[in-house]
Amino acid sequence: MSALLEQMYKEILLEHQKRPRNYGHLEHKTHTNQGHNPSCGDQISLELQIQDNCIVAVRFSGRGCTISQASASLMTVAIEGKTIAEASSIAQAFGAMLHTGQTDSSLGDLNALVGVAKLHTRVKCATLGWQTLELALA
Ligand code: ZN
């Protein structure tokens, strides 16, 4: 990865940590779940409004490291307006990226987390929001 790309990815993560998207609570939530990553102390609370198999709205709140919070923020942007099936396929592609360390053009800004693939102890930080989502939908 070029130094320029690495810098760009870092800025995306810091930006999402500073100004998390879809942060807060939903009035008409249909699904909720809380996730906790004890190895780092990250916490995520997720609220979803699902209608006809479509994620019409999503909000999260939480605290923890930049990776966990930026990943959750990026996740909400990626899944809002998607069907449950589409959201699971994004989750799978994201998991694959963290496993292989290869970016995936279909993942857009989520590629900013590709560097985590090399930091094995931080993978759980990056996947916390996604696991919380998966369990909320289960
Ligand atoms: Zn963390």
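Residues numbered from 1 in each chain as written. Predicted model: local features only at pLDDT ≥ 70, side-chain atom pairs only at ≥ 80, totals over all residues. Heavy atoms only, no water.

Moving on, we get to the coordination of the zinc ion. Summarising the metal site, the zinc ion is bound by the protein donors Cys-40 (SG), Asp-42 (OD), Asp-42 (OD), Cys-65 (SG) and Cys-125 (SG), whose distances to it range over 2.1 to 2.8 Å. All donors of the zinc ion come from a single chain, and their spacing in sequence reads C-x1-D-x22-C-x59-C. Of the two residues, Asp-42 sits in strand 2 (residues 42-51) while Cys-125 sits in helix 4 (residues 123-137), which places them 83 residues apart along the sequence. The residues Asp-42 and Cys-125 share a single accessibility class, namely buried. (Donors = N, O, S within 2.8 Å, 3.2 Å for Na, K, Ca; no water. Helix = DSSP H or I, 4+ residues; strand = E, 2+ residues; numbered from the N terminus. Buried < 20%, exposed > 50% of the residue type's maximum accessible area, 1.4 Å probe, protein only.)

Turning our attention to the nonpolar core. If you look at the biggest cluster of nonpolar residues, it comprises 37 residues, and the most contacted ones within it are Leu-48, Ile-79, Phe-94, Leu-110, Leu-113 and Trp-130. Of all the secondary-structure elements, those providing two or more residues to this core are helix 1 (3-18), strand 2, strand 3 (54-63), helix 2 (66-79), helix 3 (84-100) and helix 4. Excluding residues that lie within four positions of it along the chain, Trp-130 makes contacts with Ser-71, Met-75, Ile-79, Ala-87, Ile-90, Ala-91, Phe-94 and Leu-110. (Core = buried A, V, L, I, M, F, W, Y, C linked by side-chain atoms within 4.5 Å. Contact = heavy atoms within 4.5 Å.)

Pairing of strand 1 (residues 31-37) with strand 2 involves seven bridges; the strand directions are antiparallel. Residue pairing for strand 2: Thr-32 is matched across the bridge by Glu-47. In this antiparallel pair of consecutive strands, strand 1 and strand 2, the connection spans four residues, and Gly-41 shows a positive phi of 90°. (Pairing = 2+ DSSP bridges.)

Here we come to the packing of helix 2 against helix 4. For the pair helix 2 and helix 4, the least separation of the axes is 7 Å and the interaxial angle reads 45°. With respect to helix 4, the axis of helix 2 lies oblique. By crossing handedness, the relation of helix 2 to helix 4 is classed as right-handed. Residues Ile-67, Ser-68, Ser-71, Met-75 and Ile-79 of helix 2 touch helix 4, and the partners they reach there are Cys-125, Ala-126, Gly-129, Trp-130 and Leu-133. Its residues assigned to classes, the contact of helix 2 with helix 4 shows seven nonpolar, three polar and no charged. (Axes fitted to C-alpha atoms, helices over the stretch in contact; angles between N-to-C directions. Parallel < 35°, antiparallel > 145°, perpendicular 65-115°, else oblique. Left-handed = near helix turned anticlockwise from the far one by under 90°. Nonpolar A, V, L, I, M, F, W, Y, C, P; charged D, E, K, R; others polar.)

This brings us to the layout of surface pockets. Quantified by volume, the largest pocket comes out at close to 260 Å³. Taken together, 13 residues line the largest pocket, and the ones lying closest to its centre are Glu-6, Leu-13, Ala-112, Gly-115 and Val-116. The element contributing the most residues to the lining of the largest pocket is helix 1, with four residues. Each residue belonging to the lining of the largest pocket can be placed in one class, and the counts come to nine nonpolar, one polar and three charged. (1 Å grid on protein atoms, 1.4 Å probe; cavity = no way out; pocket = protein on both sides within 12 Å on 5 of 7 lines; lining within 4 Å. Points joined across faces, edges and corners; volume = space filled by probe spheres on them.)

This part takes up the environment of His-120. You can see His-120 is positioned in the loop between helix 3 and helix 4. Each C-alpha atom, one on His-120 and one on Ile-50, is 33 Å from the other, the two residues being 70 residues apart in sequence.

A negative phi holds for most residues other than glycine; trans holds for most peptide bonds. One non-glycine residue, Asp-52, adopts positive backbone phi at about 50°. Following the sequence through the fold, Asp-52 ends up in the loop between strand 2 and strand 3. Of note, the phi angle at Asn-53 is positive, near 65°, even though the residue is not glycine. Along the chain, Asn-53 falls in the loop between strand 2 and strand 3. With a relative accessible area of 53%, Asn-53 lands in the exposed category.

Turning our eyes to something else, we now look at the pairing of strand 2. Of all 10 residues making up strand 2, eight are buried, and the element is well covered by its neighbours. Counted between consecutive antiparallel strands, the loop separating strand 2 from strand 3 contains two residues, among which Asp-52 sits at a positive phi close to 50°.

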